[in-house]
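# Close look at the chain arrangement
As a plain string of letters, each chain reads:
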Amino acid sequence: MTKKTINLKSAIKKQFRSQRQIGKAPGTITYMGNREDGKYAVTVIDYSEDLFDFQTLTKVEDALTFKEQVNVTWFNVYGLSNEKEIDKLGNYFNINPLVLEDIVNTNQRPKIDEYDDYVFATLKMLYLDKDYEIATEHCAIILCENNVLLFQEIELDVFEGVRDRIKNKYGRIRTRQSDYLFFALIDAIIDQYFVVTENIAAKIDALEEEVYNHPDQATAEKIQKLKKEVLSVRKWVVPVKDLVNRIIESEHHLITKETKLFLRDALDHSIQIHENIQLYRELITNLMEVYMTNMSNKMNEVMKVLTIIATIFIPLTFIAGVYGMNFRNMPELEYRYGYHVVLGLMLVIFILMVLYFKRKRWF
Amino acid sequence: MTKKTINLKSAIKKQFRSQRQIGKAPGTITYMGNREDGKYAVTVIDYSEDLFDFQTLTKVEDALTFKEQVNVTWFNVYGLSNEKEIDKLGNYFNINPLVLEDIVNTNQRPKIDEYDDYVFATLKMLYLDKDYEIATEHCAIILCENNVLLFQEIELDVFEGVRDRIKNKYGRIRTRQSDYLFFALIDAIIDQYFVVTENIAAKIDALEEEVYNHPDQATAEKIQKLKKEVLSVRKWVVPVKDLVNRIIESEHHLITKETKLFLRDALDHSIQIHENIQLYRELITNLMEVYMTNMSNKMNEVMKVLTIIATIFIPLTFIAGVYGMNFRNMPELEYRYGYHVVLGLMLVIFILMVLYFKRKRWF
Amino acid sequence: MTKKTINLKSAIKKQFRSQRQIGKAPGTITYMGNREDGKYAVTVIDYSEDLFDFQTLTKVEDALTFKEQVNVTWFNVYGLSNEKEIDKLGNYFNINPLVLEDIVNTNQRPKIDEYDDYVFATLKMLYLDKDYEIATEHCAIILCENNVLLFQEIELDVFEGVRDRIKNKYGRIRTRQSDYLFFALIDAIIDQYFVVTENIAAKIDALEEEVYNHPDQATAEKIQKLKKEVLSVRKWVVPVKDLVNRIIESEHHLITKETKLFLRDALDHSIQIHENIQLYRELITNLMEVYMTNMSNKMNEVMKVLTIIATIFIPLTFIAGVYGMNFRNMPELEYRYGYHVVLGLMLVIFILMVLYFKRKRWF
Amino acid sequence: MTKKTINLKSAIKKQFRSQRQIGKAPGTITYMGNREDGKYAVTVIDYSEDLFDFQTLTKVEDALTFKEQVNVTWFNVYGLSNEKEIDKLGNYFNINPLVLEDIVNTNQRPKIDEYDDYVFATLKMLYLDKDYEIATEHCAIILCENNVLLFQEIELDVFEGVRDRIKNKYGRIRTRQSDYLFFALIDAIIDQYFVVTENIAAKIDALEEEVYNHPDQATAEKIQKLKKEVLSVRKWVVPVKDLVNRIIESEHHLITKETKLFLRDALDHSIQIHENIQLYRELITNLMEVYMTNMSNKMNEVMKVLTIIATIFIPLTFIAGVYGMNFRNMPELEYRYGYHVVLGLMLVIFILMVLYFKRKRWF
Amino acid sequence: MTKKTINLKSAIKKQFRSQRQIGKAPGTITYMGNREDGKYAVTVIDYSEDLFDFQTLTKVEDALTFKEQVNVTWFNVYGLSNEKEIDKLGNYFNINPLVLEDIVNTNQRPKIDEYDDYVFATLKMLYLDKDYEIATEHCAIILCENNVLLFQEIELDVFEGVRDRIKNKYGRIRTRQSDYLFFALIDAIIDQYFVVTENIAAKIDALEEEVYNHPDQATAEKIQKLKKEVLSVRKWVVPVKDLVNRIIESEHHLITKETKLFLRDALDHSIQIHENIQLYRELITNLMEVYMTNMSNKMNEVMKVLTIIATIFIPLTFIAGVYGMNFRNMPELEYRYGYHVVLGLMLVIFILMVLYFKRKRWF
């Protein structure tokens, strides 16, 4: 009971947090996450085919020097709780306040919005943390002419591969425009989804083994927990399919036909992710069904044991009870072999019963 | 039995109420709610970038003076049971009788209708009342040139934030036209849906804790009650997605391209609400499944206890019964250690049984 | 066994009835209902803004005099089993035989068909009969220039409101053309659906109360009966949404733009009806689930009582059995306080058992 | 075990049969049915408004004489296992080998294909055999200019009505072109589906009666068997809706606008069939649910009887056991009315128990 | 417990394997299968109407000589783990790196991609291995002008029929262009799906027989295993429908109108496959339901046996217990026929009980 009160309180607290946003004017920048330490940093990767530069911005104003260059510049913003700095940065790039609001809204659903001068996408990074548990991080990407702005909460991310490819000139990334970087970031996020779905697949395998070989009461809870996990992964992952599709169908001048070819591949991956998740849901439902069937078969077995024992011994006990009565005049008691006859009778009943159950295939 | 009769009567009464409408000509204004006290008031907020005026209308005729001005005017009508006054107001603004019928029909499904001179939208406000229970209020909004008419049943509403923003010149609302106010009102309603869905999420969390740790018979009823609540919220909330989408795709002259940008954001929120509600339904279904599994596991456990006790003691009791028989000639009874041998035999059977159940993992 | 045979026979009889139609040429007029008394009557309401006339046609030829006039004329045909008369009437109005076939086919699915000179719609009237049970009546409407032909089986119908409005000049019906009458009839039918769905809602409420407070074996059957009722209502009601939508999107010259505005309202109602029915289905499924959970909880309770009693007394009875054995050498029997020690031992076992069950929260 | 092996063998055999087709070039004519007796016959009905001729073709070459005439000619081919003759006939009419392949493929899904000179449709005839069981026959129809070719396996079919109408000049069939005959054949097939669905409906009624009044273990199997039957009917019947719709939307020169009017009617019927089948599936699911609930209620009742008896008599037997012990010093045994007091005590316990169960409403 | 750890490890290992791909630049060729022996071979079938040539390529450079000819050339690449050779071959044909990546990605979802000079399709071959188990092989096909490149993992494949038809000039394949070969390969793959679905159908039949006649605990696991198998088949087979449809709707210059006619047939087959799989899923769900019902009926039967025995003998044993008490003053014990009267009483109770159960139809 006290537990429930605590839960209700936490519920109210939760509502309070999100109510910070509610009632405010649209376009008000309000951080919705739970990392309010105000940490904030911007790193810059500036590159062209021949050039590579990596810096940490000390003043947001320095962003302007990179903005005007023809080189592709990747601004990587860490920390979303510093609403003021993000507002300032957004103004330098003429970003619509509605977009800035979505950047810091960590509950924002994956989506893509096109504006005249830029394209805005927001997704969730999913990855496995140190304990091989699925972790979620909010992430927002803005594609401008020659610039890509990436906003994330913490320094841990899924983009190390992209940074390596830029730094070491792997693949074709150094020779392409900002829209290819934009694609590469989204592609890196989607790629990581496969790690997550394979982690789910592995958990399903482990649970399947458990269900078939040594199910106990905890098994059902594990299955249901996994089901919930799949549901929450699906929530973030399914809209990505539409997102990528809309970039492909977009006619925005910043997105080149060549990059769309690569996006088609990313679309394909997101469809595959989607199908996998559907499959996992069905597999988990199956698993639960197997578990329930097993439980019910066990119950059946327990009932059979009870029934066999009771059905055999209750009548025998009755017979013993009859000859344990103290009537003065019970002729059988006086017979020389009365006792042996009764014992024999009991044995016959016992054997008949056993045969009956055998024929019924109860054991 | 008497209970059922009472219910049937209330059913008939209900039908009677809604039958007031049935059979009448379309466009007949008939109040369908249950607050028939006839309370009725109209407040007016009149504003432009430099001007702010708040009044309570005493005569409906005064509305005309505001109607003609270039300032944006927000007419807020409280109380829908006064059919005559609403009819009069509607005539001043040339509102189609079909619209007036929908305004006072508190069972009206959320929808949007475009007319030549105005756009009509009706939705439900959802909010948490003092006991943190979900409450519903009917609400209708008409967007005219320079005017917005808002109809609601009681003074409690979700628009305080909008009024503040107008009064205190927060955000951009004072610089925009009536269509931005129209959007701001719809946005305020949708924003409040998040409070409601988070309340549902909190209840699911609390119930989940209950199901896993101390389920009882009331738990199932709580889950089903919550499921019903989600169903009724969904009924009012799901059509809003289409509603907002139709405003965005509308080509009505009163809705500017700039406001559509904001509406895109509202659309996004309503999609998110929809997805949340779908998710909650699945979570609740899961919860019920967990509950059923727990119950069935408990039953299993009860059966096992019964079976273990019965299976061990019924055969032993039978043996005791045999040696309680009164046959004259029962040689074992005369043996010196007959009693001790039988006791030993019983102990052996007891131990064998226990080992059998151990091997079967019954405890 | 005999029962099943009877059922099969009725099944064959049924097939026979519908086979009257099968194998015939398309466009053959074959009455499919079960009111074959041949009763047949035609009433005429003839009106314009200034004129109102009500007659009962004695000869079908008289229809022609009304047909040519500019006034709107509503021909109301009662009784569909008189195939010859309907054929004759159809010929006067140049109605396609396929349409006539559908008019008398009481199993016809709701649909709309446009022909060059007329529009044909068929729906089902649903209403509550005297015992508040849901009744269904077949109904067909033909919209011609200046004329509306309405075909129904019996005189009981849902159009009294429309007749009143024409007679008493309520609303705008007297000032409009035949397409408004056409709409008004469809609207009256749809309006009545609300009475039916509210009746279902009331039954759900009553059953809910029964399930929670005093469920018995009959409850499940009542729930399933209601579910079946909802399914059969849905069958007739769901196609109406498409039907109305197709009239709205039709470009038939007989349907004016003004009437389409009203049809939009009817569409809205039919969507709401559809949503309600979906909701009721889910509520009924919920109800069944609650019922099953209640039953299973009751079973649990029964099992617990059995287990507690058996688990406490079976071991005690065993002890009593041991000391009821007749061995000559049983030293405990000779002890002075042997009996009292054993009674005490039994009491201790009893208390331990009760404590065990308390800790298990079995009572 | 042996059973399973047999099944597996039959499975392999089945695969063998269909593998006859697999690996061959597309357009290879391979009979897939199981009536390989090679029986083959072609009848010809040749008609115009004034002419009617019925023949049995002895040589396939004679078909050519009919082919060129302006009269409508209906070639009816019985027997599909004679691949050579069908190939020959197909060549006379310039039929694509792919079409000929589909004609003899009795597993072919219902579909329509348009070619330059002809339209090809394949469906399944469903009808009730002598034992009122649902039977399926493959059927293929080709519409050419002035000719219709109908292919079926056996002489039993659903087209007697069409033949009658041609022979006896019923309806309009003699005055129309080959496309009307094409429609009439499809219409006859669809009409027959109603007989089948009504047979299903009758079986549902009979099973419903059985479930409510005298369910036994066989009932569940009957329900499941019916469910399977509905699934297999659905498989053949559902694609027909699309098939008819595609003829209506087709712009093939052989299909006249007038015939499309009739096809609209057939479309309507196929939609109704589809809806009926959906409804039956839901009704059968309901039925199964009712059955399960009944079973579970019965189980409850059995458990109650057991619990009542055991709970009443186990404690009483314990008391009797106590006073059956043989301790030397048991003072109660010596009391004058000890026996009567104990009997009274037992009666009191008995009555208390009965009252307890009454209050619990267990009987 | 140790088991679970092992599973988790294998899960991590699995992730490791697929992570080889993740983080790399798009277009990097990374083999994803599990046949890393590096085996690699290319065979060439070169044909025109009059010419047939079969070779095994020793150097990949030789491919160029075939490439330029007007004859249709079918390059068949066995072994996908040799990434270098595939890259080289790809370069000769100007294949996009993204395509090469998909060719060696054995987890790739079936899809079709059109490029300017070629069309790329990837599907899964499904066939039955020696133990009649369903096996899956990755397969990729590229259609170029005059050339078709086929990539597969092992030499076992489903294309023997196509090779035969080319070699022996069966059918029309030798007279057509490369797009017909492309179609023929896809058609051969789809044809083989029928073997797989019929294998599933046969397993369902066998399981059905088992469920109805001798279900045991293993049956449920077999059903669930089959269900999982169907799910995994569906995963690879369902996208093929869209794939074929997209080729048909494609306007790529390499795909001729004539071949599209044949593709329509393949589309038809893939739709039928899809429908079959849906049907199998429903049949398996039914099967599981029957199984559960059977189990629950068996449980019922067990409970009845227990209840009958216990209910009859517990009261009788109680009576025997009463007359086994050792009270000094128990007058009945002294009666001459006390014993016989009690025996008679027991018999009467026994008979009454049996009659009661008979009336309840418990046996």
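Preceding this paragraph is the structure being described.
In this numbering scheme, every chain counts its residues from 1 along its sequence in written order. As a convention, the first chain written is A and the first ligand written is 1, with the rest following in written order. This being a predicted model, a pLDDT of at least 70 is required before a residue's local features are given, and a value of 80 or more before pairs of side-chain atoms are given or counted; all residues contribute to the totals for chains, interfaces and linings. Note that the side-chain values use all heavy atoms of the structure and ignore hydrogens as well as water.

A word on the overall build of chain A. Across its full length, chain A holds 10 helices and 7 strands. Only C-alpha atoms enter the radius of gyration, while the globule expectation follows 2.2 Å times N to the 0.38, with N the number of residues. What you see for chain A is a C-alpha radius of gyration of 34 Å, clearly larger than the 21 Å of a compact globule of 363 residues, by over 25%. Taken over the C-alpha atoms alone, chain A extends approximately 120 × 45 × 30 Å along its principal axes. Each residue is placed in one exposure class: buried if its accessible area under a 1.4 Å probe, protein chains only, is under 20% of its type's maximum, exposed if it is over 50%, and partly exposed if it falls in between. Counting every position in chain A, which comprises 363 residues, the buried fraction comes to 60%. A 1.4 Å probe and the Shrake-Rupley method give the accessible areas. Residues count as covered only by the protein chains that appear here. A total accessible area of about 15300 Å² is found for chain A, and carbon and sulfur atoms account for 54% of it. Positive charges are assigned to Lys and Arg, negative charges to Asp and Glu, while His and the chain termini are left out of the count. Working definition for charges: the position is that of NZ of Lys, CZ of Arg, CG of Asp or CD of Glu. Across chain A, the 46 positively charged side chains and the 51 negatively charged ones have centroids separated by 10 Å. The secondary structure listing takes helices from DSSP runs of H or I that are at least 4 residues long and strands from runs of E that are at least 2 residues long, numbered from the N terminus.

Here, residues are in contact when the closest pair of their heavy atoms is within 4.5 Å. Nothing in chain A touches chain D, and the closest approach of their C-alpha atoms is 9 Å. Here chain B and chain E are not in contact; the least distance found between their C-alpha atoms is 9 Å.

Next up on the list: the environment of Lys 203 of chain A. Residues and elements named next belong to chain A. The topology assignment puts Lys 203 in helix H6 (residues 178–213). Taking C-alpha positions, Lys 203 is 67 Å from Asn 326, a pair spaced 123 residues apart along the chain. In contact with Lys 203, not counting residues within four places along its chain, are Tyr 132, Glu 133, Leu 226 and Glu 229.

In this section: the pairing of strand E6 (residues 134–144) of chain A. Residue and element names in this part refer to chain A. Judged by how many residues are buried, E6 sits mostly within the fold: 10 of 11 residues are covered. Each pair of strands is called paired provided DSSP finds at least two bridges between the two strands. Relative to E6, strand E5 (residues 118–128) runs antiparallel, the two being bridged by 11 bridges. In the sheet register, Phe 120 faces E6, and the bridge partner there is Ile 142. Here E5 folds back onto E6, and the loop between the two strands holds 5 residues, one of which, Tyr 132, carries a positive phi near 55 degrees. Sheet analysis places E6 next to strand E7 (residues 147–152), joined by 6 bridges and oriented antiparallel. By the bridge assignment, Leu 143 is partnered in E7 with Val 148. Where E6 folds back onto E7 in an antiparallel hairpin, the turn is made up of 2 residues, including Asn 146, whose phi is positive at roughly 65 degrees.

Below, the discussion takes up the relation of the copies chain B and chain C. Taken as rigid bodies, chain B and chain C are interconverted by a rotation of 72 degrees and an axial shift of 0.0 Å, the fit giving an RMSD of 0.1 Å. Expressed as a symmetry operation, the mapping of one chain copy onto the other fits a five-fold axis. Closest approach to the rotation axis among the C-alpha atoms of chain B is made by Gly 324 of chain B, whose C-alpha sits 4.8 Å away. Taken as a fraction of all interface residues of chain B, those also at the interface in chain C reach only 14%, which identifies the copy contact as different-surface. Least squares is used to superpose the copies, and the fit set is the C-alpha atoms of residues whose pLDDT is at least 70 in both copies.

With 70 residues of chain B at the interface, the matching set in chain C holds 67 residues. Summed over both partners, the accessible area (1.4 Å probe) lost when two parts come together is defined as the buried area. Between chain B and chain C the total buried area reaches about 6200 Å² when both faces are included, carbon and sulfur atoms providing 58% of it. Put simply, a salt bridge is a Lys or Arg side-chain nitrogen that is within 4 Å of an Asp or Glu carboxyl oxygen. Applying the counting rule to chain B against chain C returns 10 salt bridges. Measuring nitrogen to oxygen at the nearest pair gives 3.9 Å for the salt bridge that ties Lys 111 of chain B to Asp 268 of chain C. Polar contact is defined as a pair of N or O atoms within 3.5 Å, subject to the rule that within protein one atom must be able to donate a hydrogen and the other to accept it, and that residues adjacent in sequence are counted only when both atoms are side-chain atoms. Our count for the contact surface shared by chain B and chain C stands at 21 residue pairs in polar contact (both at pLDDT 80 or more).

So, on to the relation of the copies chain B and chain A. Overlaying chain B with chain A gives an RMSD of 0.1 Å, the required rotation being 72 degrees about an axis along which the chain moves by 0.1 Å. The two copies present different faces, since only 17% of the interface residues in chain B are matched by interface residues at the equivalent positions in chain A.

Residue and element names in this part refer to chain B. Reading across from one edge, E2-E1-E3-E7-E6-E5-E4 is the order of the 7 strands in this open sheet, with mixed pairing throughout. A single partner strand is all that each edge strand has here, and the edge strands are strand E2 (52–57) and strand E4 (111–114). Averaged over all pairs of adjacent strands, the angle between their axes in this sheet comes to 20 degrees, without regard to strand direction. Axis definition: a line fitted to C-alpha atoms, over the contacting stretch in the case of helices. Angles run 0 to 180 degrees between N-to-C directions. With respect to the sheet, helix H7 (residues 217–249) is in contact with E4, strand E5 (118–128) and strand E6 (134–144), its orientation differing from that of E5 by roughly 150 degrees.

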